[in-house]
Protein chains: 2
Amino acid sequence: MVHPEQPAAETFIDVLIVEDDPRIAEINRRFIEQITGFRVCGVATDAEQAKLQLERLEPHLVLLDIYLPASSGLELLYHIRQHHRGTDAIMITAAREIEAVQEAIRSGAFDYLMKPLVFDRLKETMQRYAAFRRELIRLSDSSSIGQHDIDRLLSRLSDSTVSSDGAPMLPKGIDKLTLDKVSQAIYSIKDGMSADKIAKLIGISRSTSRRYLEYLVGLGVIEADLSYGIGRPERVYRSRNADDRH
Amino acid sequence: MVHPEQPAAETFIDVLIVEDDPRIAEINRRFIEQITGFRVCGVATDAEQAKLQLERLEPHLVLLDIYLPASSGLELLYHIRQHHRGTDAIMITAAREIEAVQEAIRSGAFDYLMKPLVFDRLKETMQRYAAFRRELIRLSDSSSIGQHDIDRLLSRLSDSTVSSDGAPMLPKGIDKLTLDKVSQAIYSIKDGMSADKIAKLIGISRSTSRRYLEYLVGLGVIEADLSYGIGRPERVYRSRNADDRH
DNA sequence: TTCGTTTTGTTCATTTTGTTCACGGGCACT
DNA sequence: AGTGCCCGTGAACAAAATGAACAAAACGAA
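Residues numbered from 1 in each chain as written. Chains lettered and ligands numbered in written order. Predicted model: local features only at pLDDT ≥ 70, side-chain atom pairs only at ≥ 80, totals over all residues. Heavy atoms only, no water.

Q: Report on the protein's contact with DNA strand C, specifying residues and quantitative values.
A: In the region of DNA strand C, 18 residues are neighbours, and R206(A), G231(A), R232(A), R206(B) and R232(B) sit closest. The protein-proximal atoms of DNA strand C, defined as those within 4 Å of the protein, are 60% sugar or phosphate. Contact distances for DNA strand C include 2.7 Å between a base oxygen and a side-chain N or O atom of R206(B). One of the side-chain nitrogen or oxygen atoms of S207(B) is found 3.3 Å away from a base oxygen of DNA strand C. At the level of elements, helix 9 (206–219) and strand 8 (234–239) of chain A together with helix 9 (206–219) and strand 8 (234–239) of chain B are the ones that each hand at least two residues to the surface near DNA strand C. (Near = heavy atom within 4 Å. Polar contact = N/O pair within 3.5 Å; in protein donor to acceptor, adjacent residues only side chain to side chain. Helix = DSSP H or I, 4+ residues; strand = E, 2+ residues; numbered from the N terminus.)

Q: Could you give an account of the protein's contact with DNA strand D, naming the residues involved and the relevant values?
A: Near DNA strand D lie 33 residues; those nearest to it are G173(A), T178(A), K172(B), G173(B) and T208(B). If you look at DNA strand D and keep only atoms within 4 Å of the protein, 65% of those are sugar or phosphate atoms. Here Y212(B) contributes a side-chain N or O atom positioned 2.7 Å from a phosphate oxygen of DNA strand D. Elements with a contribution of two residues or more to the surface near DNA strand D: helix 9 of chain A together with helix 9 of chain B. For the surface near DNA strand D, the per-class residue count stands at 11 nonpolar, 14 polar and eight charged. (Nonpolar A, V, L, I, M, F, W, Y, C, P; charged D, E, K, R; others polar.)

Q: Just give me the short version of the nonpolar core, but keep the residues and values in it.
A: Residues V18(A), Y112(A), I32(B), F38(B) and M126(B) are the most contacted members of the largest nonpolar core, which totals 51 residues. Considering each element in turn, this core owes the most residues, seven residues, to helix 5 (residues 119–141) of chain B. Residues within four places of M126(B) in sequence aside, it is in contact with V15(B), I32(B), I35(B), F38(B), L61(B), L63(B) and I90(B). Grouped together as the second largest cluster of nonpolar side chains are 50 residues, V15(A), L136(A), L157(A) and A109(B) included. (Core = buried A, V, L, I, M, F, W, Y, C linked by side-chain atoms within 4.5 Å. Buried < 20%, exposed > 50% of the residue type's maximum accessible area, 1.4 Å probe, protein only. Contact = heavy atoms within 4.5 Å.)

Q: If you had to explain the pattern of salt bridges to someone new, which residues and values would you point to?
A: Across all of its chains, the model carries 38 salt bridges over all chains by this definition. A salt bridge links R238(B) to D225(B), with the shortest nitrogen-to-oxygen separation between them at 3.7 Å. Placement of R238(B) in strand 8 and of D225(B) in strand 7 (residues 222–227) is noted, with a sequence separation of 13 residues between them. Taken together, the shared-partner salt bridges connect D111(A), R121(A), E124(A), R128(A) and D151(B) into one network. (Salt bridge = Lys/Arg side-chain N within 4 Å of Asp/Glu carboxyl O.)

Q: An account of the packing of aromatic side chains is requested, with residue identities and associated values reported.
A: Inspection of every chain in the model, using the stated rule, returns seven aromatic pairs over all chains. An angle of 80° between the planes, with centres 5.1 Å apart, marks the rings of F110(B) and Y129(B) as edge-to-face. A residue pair is termed long-range when its members are at least 10 positions apart, and F110(B) in the loop between helix 4 (98–106) and strand 5 (111–114) and Y129(B) in helix 5 qualify at 19 residues. When its relative accessible area of 2% is taken as the criterion, F110(B) is described as buried. Among the aromatic residues, those joined into a cluster by ring pairs are F110(A), Y129(A) and F132(A). Positioned over the ring face of Y78(B) is R85(A), at 3.5 Å from the centre of the ring. (Phe/Tyr/Trp six-rings, centres within 6.5 Å; stacked < 30°, edge-to-face > 60°. Lys NZ or Arg CZ within 6 Å of the ring centre and 35° of its normal.)

Q: I'd like a rundown of the sheet that holds strand 1 (residues 13–19) of chain A, residues and numbers included.
A: Residue and element names in this part refer to chain A. The strand order across the open sheet formed by five strands is 2-1-3-4-5, and the pairing between neighbours is parallel. Each end of this open sheet is capped by a strand with a single partner; those strands are strand 2 (38–44) and strand 5 (111–114). Along the sheet, successive strands turn relative to each other by an average axial angle of 20°, direction set aside. Note: strand 4 (residues 88–93) against strand 5, four bridges, orientation parallel. From the neighbouring strand, M91 faces strand 5, where its bridge partner is Y112. Where helix 1 (residues 22–34) meets the sheet, its contacts fall on strand 1, strand 2 and strand 3 (61–65), and the angle it forms with strand 1 comes to roughly 160°. (Pairing = 2+ DSSP bridges. Axes fitted to C-alpha atoms, helices over the stretch in contact; angles between N-to-C directions.)

By themselves, these are just geometric observations and shouldn't be taken as functional.
Rendered as structure tokens:
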């Protein structure tokens, strides 16, 4: 029911880069624009410029990369928090003091990256932010939000299920092949299904089916609902992306 | 003397509880004090009291449990962020709007728990906070910090267990999903409703609807009233904070 | 007060869940 | 090859959650 505006403009995330060294700002700009879904809407080389551009451009995200011996960078973050509540910030600084990090975290910075910048890490953070923002938009549409949704948002969608070498590390009791089958089954159906039905569909036991479905629920990939009747209600699983609204 | 006295006051984390219902505040106070390492230094039942106590007690952590239709609870969080930068906050509210959650996250709330409160979840959060604080102190001593340290802090040390589904420990006969549905129904309507109406709204039986509503009344989250007519009066339930008729 | 009416509060059969644990297949190491 | 160990699987079982049915309760009307 909520599809008021922002059909096209929302597909991009507007980024304001704040960096006192123009050369580095340029490097960062190029890098950001390579990541799909992001668009650099402005560059500022000091706090004053940054405030003006914040006012004018209303970016979704600020890459706050200004040198701070615990001063202007954090000040700017406070300014954003007070005057631009819809704007997020990723800190990129050389400040190694724990105090600065502390303040940034308490001010709700999305992430805090240390110089020298590792570009892979920046990319990963940007993609996490994109996921974060998608999730926010998705939840604005859905009428009901639960604790689990909030937990995912607060965790910054950090993908702890992927080990450092990129291979998905699975917990005990979860086999990759079976997981693939179950995932495929749940995605191929529109309506929700009980663990029992899915089990029969694939040819495994209800126990196993249930184990994998619950695992997927824990990941937040699918969601569970209840179907009431006589006796204990049936737990139905459904893929999260299924558009059920009109 | 089996146990020697606690060495220093600094080993405790001082908690200020902010909750408009004194009974629930008391329940929370007892619960917090059972967790080792925490000490409740004060209780406030409205925003004014809270500000005074923040000034006087300088708590490490605020349990911000005030009802907010996007107003006073978040206002207080902003106040804390502006005037008490060393203080953290955990939000505990019934607000199910994504906007409130968004603001809380952007204001750097440590966690956001939804009412009705699951105590195991609160405990888990408190322990995560304790770990977070220990980590902060440890890092203050060390001369240099790295990206990895920051990542751990930002993740809220959530590596302990899978969040939100460790062990909900709801009483027998209460299912989390059904509870969510009933809670959402009761919060989504302004006027009180009978158990029967709510049952039909969700698609469950009156028995079940009643069971959950009474559970919520027992928690003090909602309240019951009587509506008279012919025959036995009808029990109407309404969210406790929705009554502005005074 | 007594009766008819309407809703509550509770019990219990029913159906499904959630968990445990023996089995057996595969992998690594000898 | 042989052997031992680890781990995913599913049958069986105990526990849980629900709704139908019913007795008791609380009210207005007479």
